[in-house]
Amino acid sequence: MLFMLIVKASKNSEGNNLPNPELMEAMTKYNQELVKAGVRVMAKGLHPSSNGIRLSFPEQGGQPVVTEGPFTNTNELIAGFILIDVKSKEEAIEWAMRMPDPQGYGEGQIELRQVFE
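Just so you know, these numbers come straight off a predicted model, no measurement behind them. (Residues numbered from 1 in each chain as written. Predicted model: local features only at pLDDT ≥ 70, side-chain atom pairs only at ≥ 80, totals over all residues. Heavy atoms only, no water.)

J.: What is the right way to read the overall build of the protein chain from this model?
T.: Assigned secondary structure in the protein chain consists of three helices and six strands. For the protein chain, the spread of C-alpha atoms along the principal axes amounts to about 45 × 35 × 20 Å. Summarising the internal contacts of the protein chain: among those between residues at least 6 apart in sequence, 75% fall at separations of at least 24. Mean positive and mean negative side-chain charge positions of the protein chain (11 and 15 charges, respectively) differ by 4 Å. (Helix = DSSP H or I, 4+ residues; strand = E, 2+ residues; numbered from the N terminus. Contact = heavy atoms within 4.5 Å. Lys, Arg positive; Asp, Glu negative; His and termini not counted. Charge placed at Lys NZ, Arg CZ, Asp CG, Glu CD.)

Structure representation (structure tokens):
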């Protein structure tokens, strides 16, 4: 079963700030554990929304509207993701619970979603 651990953005990640060295070390260790267990498919961080664009479709059948970032609601943005292949939802939750606070400073939030296969 594929699950995506979606790391939500914060003011810190949207400010293009890299995590502190301790968090980088903890995340590296966590990713190594995922690889060693054979469950990690992919893991990537995303550039801040200031480098992004958003397409919205305000009219059915109409042309999309392009909006350039940055986008203001950081709690709706994604800073990165980890894709894991596990045997059950419970196992995915166990892996998610082991992830260090991905933003540090108590700002982190992870959303766990199953991927359609």
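J.: Could you clarify how one ought to interpret the side chain of Q103 in this entry?
T.: Tracing the chain through its elements places Q103 in the loop between α3 (89-98) and β6 (110-114). For Q103, the side chain forms a polar contact with the main-chain oxygen of K8, separated by 3.0 Å. (Polar contact = N/O pair within 3.5 Å; in protein donor to acceptor, adjacent residues only side chain to side chain.)

J.: Please clarify how α3 should be interpreted in this entry.
T.: Residues separated by three or four positions in an α-helix point in the same direction, a consequence of the helix having 3.6 residues per turn. Buried within α3 are the following residues: A92, W95 and A96. For α3, the arc enclosing every buried residue in end-on projection is 100°, short of the 170-degree limit, so these residues lie on one face. In α3, the exposed positions that point more than 90 degrees away from the buried face belong to E90, E94 and M97. Against β1 (2-8), α2 (21-37), β5 (78-85) and β6 lie the buried residues of α3. (Buried < 20%, exposed > 50% of the residue type's maximum accessible area, 1.4 Å probe, protein only. Arc of directions from axis to C-beta.)

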